[in-house]
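Analysis of the macromolecular model
The lines below spell out each chain.
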Amino acid sequence: MSRLLSTVWRNSAGEETAWAILIDRLWIVIDNIRQYGLWVLLVLAIPAAVVLALWLRERWLYRRLNRLLDIALSGNILGETFNESRYSQLETKLYRYLKSSSLTRRQIEAERAQIAEMVSDISHQTKTPITNILLYTQLLQESELGEESRELAMQIMEQGDRLRFLVEALVKASRLENGLVVVKPDRYLLEEFCAQLGSDIASSAAEKGIIVEWKIPEGIICRYDPKWTGEAIRNILDNAVKYTPCGGRIKITAQLYELFCRIDITDSGIGITEEEQPHVFERFYRSPRVAQQEGVGIGLYLSRRIISDQGGYIKLSTGGKGTTFSVFLPR
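Computed from a predicted model, the values in this text were never measured in an experiment.

The rules behind these values
- Residues numbered from 1 in each chain as written.
- Predicted model: local features only at pLDDT ≥ 70, side-chain atom pairs only at ≥ 80, totals over all residues.
- Heavy atoms only, no water.
- Pairing = 2+ DSSP bridges.
- Helix = DSSP H or I, 4+ residues; strand = E, 2+ residues; numbered from the N terminus.
- Axes fitted to C-alpha atoms, helices over the stretch in contact; angles between N-to-C directions.
- Contact = heavy atoms within 4.5 Å.
- Buried < 20%, exposed > 50% of the residue type's maximum accessible area, 1.4 Å probe, protein only.
- Polar contact = N/O pair within 3.5 Å; in protein donor to acceptor, adjacent residues only side chain to side chain.
- Disulfide = S-S within 2.5 Å.
- Core = buried A, V, L, I, M, F, W, Y, C linked by side-chain atoms within 4.5 Å.
- Phe/Tyr/Trp six-rings, centres within 6.5 Å; stacked < 30°, edge-to-face > 60°.

**A few points about the sheet that holds strand E5 (residues 260–267)**
Read from one edge of the open sheet, 5 strands run E2-E4-E5-E7-E6, paired in mixed fashion. Lying at the two open borders of the sheet, with one neighbouring strand each, are strand E2 (211–215) and strand E6 (313–318). The mean angle between the axes of side-by-side strands here comes to 15 degrees, regardless of whether they run parallel or antiparallel. Against the sheet, helix H6 (residues 226–243) touches E2, strand E4 (249–256), E5, E6 and strand E7 (323–330), its axis set at about 25 degrees to E5.

Below, the structure is given as structure tokens:
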């Protein structure tokens, strides 16, 4: 065939033209491909088959692992039965880990339920005795007592109030930590909220002659749970009144940012040292400098927990005198 085509393209002198040479070369290539083409195809097919097998294996393994994770997320992994010989070592280890995690989660949930029940029992069992102690002490104070007995009755009343506050604070902390209390933030006007807080601390501040200055711009709206956020900020305000000397000043301001609303509570009290600042929000922490003051050291712990549970945070800054607590609430 090659010779026939070459003859066709020869000139009258019998010499091969360029087309004849080209056809000869092309035909040689075709002969080589026909002779060695099977080997070339095999060389190309083997890597392609390996790649395809690896891809199919990867997809199969992905589906298996994804199914295990879906079962674990649904909480039904303990009810599944697996033949370990059918799966890879990785799948088997993952299944064992997820099974252990599921058991641990169920144990934690059971312990949390027990703690919730215990907290509820403690709250119920202590409320009535404490209320009775305070009631009987009040009745005792109203009767005719000597100076010493009256002083003792006053001490009983103060310690009873302290015990009631401690029990209530512990119950709140336990409920927050165990998820029994869920904050439900929504969009509210900040001005009305702060007005209520101002009336709550007005009497205690007036007793010490403390000037409370509120500077809350109108129209500020942010997200918060009024009940629990009020609890958190009220704890900070109560501390400001408690640790500010008579005749001092407390200033509350608000400012809008792109993502948060910032509420600054600044007092002219004793301040917080640099060494104490990392411990201020710890449960039951109290500075040795205020040991003579009433308190149990749980208010700021509750405040930070409440604010963080609704997507905000609290920042502390202090100088040589006075302290500023900045509460950041989501917009």
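**Structural notes on the environment of Asp225**
Looking at the element boundaries, Asp225 is found in the loop between strand E3 (221–224) and H6. With relative accessibility at 9%, the residue Asp225 sits in the buried group. Each C-alpha atom, one on Asp225 and one on Arg187, is 8.7 Å from the other, the two residues being 38 residues apart in sequence. At 3.3 Å, the side chain of Asp225 and the backbone nitrogen of Trp228 are in polar contact.

**Remarks on the state of the cysteines**
Here the structure, examined in full by the defined rule, presents 0 disulfides. As a non-bridged cysteine, Cys222 has Cys261 as the owner of its nearest cysteine sulfur, 4.1 Å distant. A relative accessible area of 0% places Cys222 in the buried class.

**Quick look at helix H7 (residues 299–309)**
Residues Gly299, Leu300, Tyr301, Leu302, Ser303, Ile306 and Ile307 constitute the buried set of H7. Here the buried face of H7 lies against helix H4 (147–177), H6, E6 and E7. One or two steps after H7, the chain reaches Gly311, where phi turns positive at roughly 85 degrees.

**Details of the nonpolar core**
Nonpolar side chains tend toward joint burial in soluble globular proteins. Within the largest apolar cluster, 44 residues are counted, with the highest numbers of intra-cluster contacts made by Leu190 and Phe325. Per-element accounting of this core gives the leading share, 7 residues, to H6.

**Brief notes about the packing of aromatic side chains**
Under the defined criterion, the tally for this structure stands at 7 aromatic pairs. Ring centres of Tyr313 and Phe328 lie 4.4 Å apart, and the angle between their planes is 10 degrees; on these two criteria the pair is classed as stacked. Of this pair, Tyr313 sits in strand E6 while Phe328 sits in strand E7; the two residues are 15 residues apart in sequence, bridging distant segments of the chain. Tyr313 gets classed as partly exposed once you look at its relative accessible area, which sits at 39%. Grouped by ring-pair contacts, the aromatic residues Tyr257, Phe260, Tyr313 and Phe328 constitute a single cluster.

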